[in-house]
Every structure is written in structure tokens, then in C-alpha cells.
Amino acid sequence: MREGGWAAGKAAGDVENLTGLIPPPHLLPPQFPFLQGWITLSALQGCRRGELKSCCVSHDLVYLLLGGGAGPVTAHSSYQGGPFPSAPLSQPCPAASFQVSRVPLHRSWPGSPHGQGAGEGAASLDGGEAQCLARVGVMLKMLTFFQGLPGQQPVSGAPDFPRSAQKLPSTSEAESEASMSEASSEDLVPSLEAEVATDRDEEEAGKKKKKSKGLATMISVFTKGRKKKGQPSLSETESESESSPRPPAQLPTVEELKADLERGRLEAARPLLALELELQEAAAAGRASEEELVRRQSKVEALYALLRDQVLGQLRRPLEAEPERLRQALAVLAEQERQDHAAAAAAAAGPPGCPGLAATRPRGWLQLWRDGVAQAAAERLSRRPAADAEGRTEAERTFLHMGRTMKEDLEAVVERLKPLFPADIRVVAAYAESYHAEFASQLSALTQFELCQRDTYMLLLWVQNLYPNDILNSPKLAPELQGVRLGTLLPPTQIRLLEATFLSNEVASVRELTARALELESNRWTNDEAPQRLDGHCHSELAIDIIQIISQGQAKAESITLDLGAQIKPLLLEELARFLRSYQRAFDGFLERCRQLRNYRANVIANINNCLPFRTSLEQQWQTPPDLRSSLLRPLNELKSHGFDTLLQSLFGDLKPLFKRFTQTRWAAPQQTLEEIVSAVAERMPEFSELQDCFREELLEAVHLHLVKEYIARLCKRRLVLKTAEQQQQLAGHVQANAQLIQQFCTQSGSPATWLHDALPTLAEIIRLQDPSAIKIEVATYATLYPDFSKGHLSAILAIKGNLSSSDAKSIRSILDINTGAHEPSKALFSLIKVG
């Protein structure tokens, strides 16, 4: 633009032609809001006439045009130096100082929306002033034009700058001010005046080495087409020179942060933290009033509330969240925890450094997350388990549900969450502690009520065994829970009380169950019910039932703890001994009262057979000491003995007259008599086939013993006296033959009584011998084999030898004095024989 293009007026009325050069406020570019504000311009100096590019606009005005000021300038005519000279434009203007009013620029120009009349304000300007201001107007209009050029568009998402707190007199400006959101960033960033002052100082210190790019672009447009050949333009020079540093990234506005957080964008956490730190700096430097600090802090805390909900919402159900989203939430949580620690350290080091701000840290988000984990654990474990078809009680279903849920959830935490969570959060420990606390809480509440025996056992089983062993020490969880001190689900004192209750309940239950089983069995006896047959033997379930009851009580206690199993063992053995005594009494009553029943003998055999499992259990399973075992087996031995007596009573009754025949015939035909006895026994042997093999052998031993005992008893009747040696040798031969027959028959039948093999042959030898010394040797040997062989029995045998003197008989009997008490009888023989 040349001098003629400006139509520079030399009269006051020419200023009206300049109205279109300065745009009205509502057409000013939005990135220059300062043009509607207020400033004070100190001077406008050195304006040269000539080409516009050489116009020396003051530093303050350049700063104003670049956005460093807060309002437009209005010049008055009261300059010093007189009117502008009418020199050519190539000459510099005389030094001039324009005083600036605090009136918006648009009020100084005719035709402005709020301007004065056509001649107001303009009449005070002469031609030189009008030319200078016209040039400024052209600059402003060109800036309006350049808002559409590339690089001049406003940055999306950039925060609005703060405005002056003073109310503008212009109605349009007031409306513009009111149109901005109350929740803008004006309360979250430092005031603009402070930034203006800082930038102005930096520019002055740099001695104008860096110019605004916007101004350079504007000037380059003014000089387009007038550039001398080979001479670079100002913008080209700037691009070649050192580029000006980029301003720091501007923080988003409150509205933008709020929108991001509502959309779940956790990236907003970092600028929000920057706003918080910036607020703390402003408070520490005293750059804001207390009211402003409160207002700005309230907005920061509102945004933190949104961020907290987003973060904890992701962490509340971490298994359902996307891994990347979960990592973002964890990063925010970790950063907040670091800030909490830093704030705590700063508070411990000295007095707070941010006066006017309320203490908002520690925020405790990590603890809130832990609280959320505890709440999730409570929700998971407190769900009512569904009824099952296995007949479990409600407490048992609850224990099973809680245990299974806890184990599965913790394994999922180990497998899926631990790789995502930072190690310092200790996610496995946090979940384990929360689930443990909820498990313990529910068990503690359960113990406040009176529990049945079954629930007491189940409670102890979970507390002492299943929970610590099957859950905490499971293969997947044991390595992860090392160092996590969870403790027991119940206090030790409460556990001891529950254990005592369990022991008492179990003993009472065993006593009741065994008594009921015996009652049912005895009722079958008296009702003449035939026993079961198992493998050809009479069988009763009583022994199996009793052993199972006792064993289950022991197993239940050991399933809780081995120590509790050791405590209950003597109590159960005492109950077993009590039962066996009751069993013996009930059986004896049956033997006496029910002889006439058809199944009498079969039930006797079945009860004898019951002694075998009892004895085996005591000897093998319970591993009791010998003295205790013999005490427990005594009722069983009595029961077996009484059963044998009952079974053999009729047989022995049939044999009694046959044995009498020995003495009645004076041993005339002992071989024939014994053969009849053996035949009678053999005929009755099938009656005992339904006994267990071991008991059948014992019964045959009793038969063997009875035959030997009765035979010896007939020899001791003193009714036979043989005076010659030949007679004595003949009788000895009969006894030897009979002894061989008895031994052969009983051995073939299954008698294990080998200890009876020498009983009759040795007596036959004593009868045969004639030398007293030899007789003494045989008696001494015989007394060793059968310690219960007494002088009375010896005297009865010696009485057969009619040729033996009294002195020799006395000398022989004295042998027993030497051996008396030398051996305790292991089995009775002669003690069963009465000497007649």
C-alpha cells in the first residue's frame, strides 16, 4: 500500500474515511480477545513516513497486537510537538506522545456499534495522527484477515485465557463475558496479567531478538510485491534464524476434563494432577485469594471424584475389565498412592506449605480399592448356596460354598490378575486377606448360635483342616500366600471350646448308637430270627456296626486334627469296653432264657463268630497296650466260653455214661469203650461247621481237652488197684493205646491242642514203671509239662500200683514239693479234675 492508497485526510472530516480500516469488536478474531479489554499505552514513537513495512511501531504496541495486552488504544490530540509536519512520507514523524484513554477503541470511531457521532473524537485528530492510527487500523484488519490462514487457527481443546475481573462497560463485551462457562479454566490457571508481565520482561531481556510470528506474517503481506530482488523477507529471515521456543502445553479446561472422565478416558488423570499441583503452587505463592482457592479446589476435587469412580469402577470387577483398561486404572492408582506418600512425608517434615487449601491427601484410593475387594468378597461369600440332593445341612452347604468360592476366586486372582497388578499393591495378599476376614466373620457369627453335633463337627473340620490345608496350602495358592499372615478362622480359645463340645457329643453319640445296635440285635435273637449265612458261616452284623461306629468317631476326630484324634481314642475305647460288657450280659441272658427256640444254636454260633472282628480290631486297628487289650477282650472271651459250653453241653452229656463205663467194667474193655466215645463225638462234629475256622478249632480243642480230662478223671477214682507188675503193664498198655486213639481223632478233626499229647502217655509210663527212682523222674517231668498236676492227682495214680510201699509213695510225692511254684500253668488240665 502506498501513500496515495491511504487517502490521508488533511482535515478533520477526512478521518471519517478511515472508519472501515478498523474492524468493529464483534468482527475481531477470537484468538485476540485482548482487543476488547483495557490497557495503557505509554508511547507511540518514531513512526516514519514512507513504506508501511518501515513503520517503527513501539514495542508496547507490537506486544499489544500479538496478544500481550488487555485492551485497545484510543489516542487523543493532546500530543507534544505540534501538528504533524506536511513533510513527505519518507521522512520520520516528530516525536509524539499520545495519551491513551480507558475507553474501548470502538467508541472512538464513527460508525462503530457503540461509537459516538461522526465528528466526535475524530475532530480532535489532525492529519498526521489520522495517518498513524490508520496504519494501526490496517494492521488490525489484516490480522482479522489472517485468522483464516494456515497456522493461525486456534488449537482445539486449548483452554480459554482468564479475563480481567473488572466489569466492561460495553454491553457486547459483557455478553461475550457471560457467554463463557462458569466452570472454565480461569480458576485453575494463573492470572493473565502475571503472564503478560513475565513475557514482557523476557522480551526486553532478549532485546527484541525474537519477534512474534503473527506480526511477521502480517508485515510480509504488507510488503508483498515490493521485496527487492535477492533480499529475504522478514518471515523468511525468521524461519532461517533461531526459531522461538514453543509455549508449554496448555492444560485442558474443566469442561474438557469432565467430559473425558465421563467418557471413561483415564488419560485425563495426568492433566488433572498437573492442575492440582498448579493450584498448590498458586496457593503457596499467594497469587490467588482464599475465595478463589476454595472455588478452584472444589472443582479439582469434583474432577478427582469422577476419576476415582472411573478407576475404582474398573478395579471393582477386574476379571471383567479389558487388560489395557485395567493397566491404565492401576497406573492411576499407583500414581495417586505415590502422591499420598509424598504428601504425608511433606506433612511430617514441617508445617503445611499451601495455606488457604483444605487438606485432601492422603486420598486413600488404595485403601478404597481394598475396601472394594472386601465388599466383593463379602458379596461372593454371602450368597445363599442352592439346595443339593445329597442331604447336606444349610451350614454344610454354606461351608462348602464359601470354601469352593474362595479357592476358585483366589486361583483366578493368581492366574489372571497378578500379572497385571504392580507388585507393591500385593493383589493376591489383598484378596486373600479380604476373603479370609469375611470367612472368619461368617464363622464367628455362626458360633453365636447353638450348633447341632453335625454342624459342630463341620465347623471344626473347616477351621482346623480343610481351610488351612485344602485352600491355603493348595498347590496353586501355597507359593503365593507365603508370608501372608492370615491366622486361624476362629480364636484359639473358641476352638478349644468347640473341640470339647465335639468330644462330648461324639462320646454320647457312640454310646447311643452302640446301645441301639445291641438292642436291635438282641431283639432278633428273642424273635427267633435266623442269622445270616456268609461263606457257610453264621453271620451277624452287630460286630461290624459297632466297629464302624467306634472307627467313625476316631476318624472324625483325626480328620479335624491328629491331636484331637489322640484325645478321643481313650474315650472311645472306654465306650467300647462298656458296650462289650453290655453285650456279654445280653448274650448270657439269651442263653438262659431262649433254649427252646428253633434258631437258638445258630444265633449262639453267630455271636461266637462276632468275637473274631472285635478281637482283630482291637489287636490290629487300635493297637492297644497288652494290659488294656486283655481287659477289653475279657468280656469277649467270656462270651465265647459260654457259647462253647452251650454248644457242647448236650455232647458232653451224651459222653458221660460212656466214660462211666471205664470204672464200671474195671477197665475190662477200655478200647471198645473209647471207640464208642470217639464215634459219638464224630457224629456231632457237623453241628459246629458254621463256626469260623478259628473258633471251630478252639471248640475241637475243648472237645479234645474234655476227652483227656474225663479219661484221667476215671483213672483217679481209686477204684482200681493192681498188685502185680503184669497187671500194671497191661493197664498201661490200654492207656497208651487209648491216648493214641484220642490224639489221632482230635488231630484229624482239627484240634490244635498239641499240649495234651503227653498227658495220657506219661501217666501210662508212671503206671508201668516199678523202680521208685524212675517213677520220680517221670513225675518230675510230668509236673513240668502240667504244672497243675498236684499231689492228690499223683496219689490217685500211685494208688493203682498196689505193690508200692507207703514210704516209696511218700518219697515220690515229695518230688512235687520241689517243683511246686516253679511254673505257672498256661492252660488248665488237672485243675479241672476233681480227685474222688
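It should be noted that the structure appears before, not after, this text.
Computed from a prediction, not measured in an experiment: that's the story for all the values here.

What counts, and at which threshold
Residues numbered from 1 in each chain as written. Predicted model: local features only at pLDDT ≥ 70, side-chain atom pairs only at ≥ 80, totals over all residues. Heavy atoms only, no water. Helix = DSSP H or I, 4+ residues; strand = E, 2+ residues; numbered from the N terminus. Buried < 20%, exposed > 50% of the residue type's maximum accessible area, 1.4 Å probe, protein only. Contact = heavy atoms within 4.5 Å. Areas by Shrake-Rupley, 256 points an atom, 1.4 Å probe, with all protein chains shown as cover. Axes fitted to C-alpha atoms, helices over the stretch in contact; angles between N-to-C directions. Parallel < 35°, antiparallel > 145°, perpendicular 65-115°, else oblique. Nonpolar A, V, L, I, M, F, W, Y, C, P; charged D, E, K, R; others polar. Left-handed = near helix turned anticlockwise from the far one by under 90°. Phe/Tyr/Trp six-rings, centres within 6.5 Å; stacked < 30°, edge-to-face > 60°. Lys NZ or Arg CZ within 6 Å of the ring centre and 35° of its normal.

A. Main features of the overall build of the chain. Helix and strand content of the chain: 26 helices and 2 strands. Taken across its 836 residues, the chain has 44% of its residues classed as buried. Contacts spanning at least 24 positions in sequence make up 78% of the contacts within the chain whose residues lie at least 6 apart. Counting only carbon and sulfur atoms, one obtains 52% of the accessible surface of the chain, whose full area is about 43100 Å².

B. Summary view of the packing of helix α19 (residues 626-664) against helix α20 (residues 670-684). Following both chains from N to C, one finds α19 and α20 inclined at 175°, their axes separated by 9 Å at the closest point. Taken together, the axes of α19 and α20 lie roughly antiparallel to each other. Touching Ser650, Leu651, Asp654, Leu655, Leu658, Phe659, Arg661 and Phe662 of α19 are Pro670, Thr673, Leu674, Glu676, Ile677, Ala680, Val681 and Arg684, all from α20. Partitioning the contact of α19 with α20 into residue classes produces 10 nonpolar, 2 polar and 4 charged.

C. Representation of the packing of helix α13 (residues 427-446) against helix α14 (residues 453-472) in the model. Two elements in contact, α13 and α14, have axes separated by 11 Å at closest approach and are oriented at 155°. By the angle between their axes, α13 is roughly antiparallel relative to α14. Crossing of α13 over α14 shows left-handed handedness. Counting all contacts with α13, which are made through His436, Phe439 and Leu443, the residues of α14 involved are Leu459, Trp462, Val463 and Tyr467. Counted by class, the contact of α13 with α14 contains 6 nonpolar, 1 polar and no charged residues.

D. View of the packing of aromatic side chains. Taken as a whole and judged by the stated rule, the model has 23 aromatic pairs. Pairing Tyr782 with Phe789 gives two aromatic rings, centres 4.8 Å apart and planes at 90°, and the pair type is edge-to-face. The buried category is assigned to Tyr782, whose relative accessible area is 0%. Positioned above the aromatic ring of Tyr304 is the side chain of Arg363, whose terminal nitrogen or guanidinium carbon lies 3.8 Å from the ring centre.

E. Spotlight on the environment of Leu490. Looking at where Leu490 falls in the secondary structure, it is placed in the loop between α14 and α15 (492-526). On the accessibility criterion, Leu490 (2% relative accessible area) is buried. Separated by 30 residues in sequence, Leu490 and Leu460 place their C-alpha atoms 9.6 Å apart. With sequence-adjacent residues up to four places away left out, Leu490 is seen in contact with Leu443, Ser444, Thr447, Leu459, Val463, Ile495 and Leu498.

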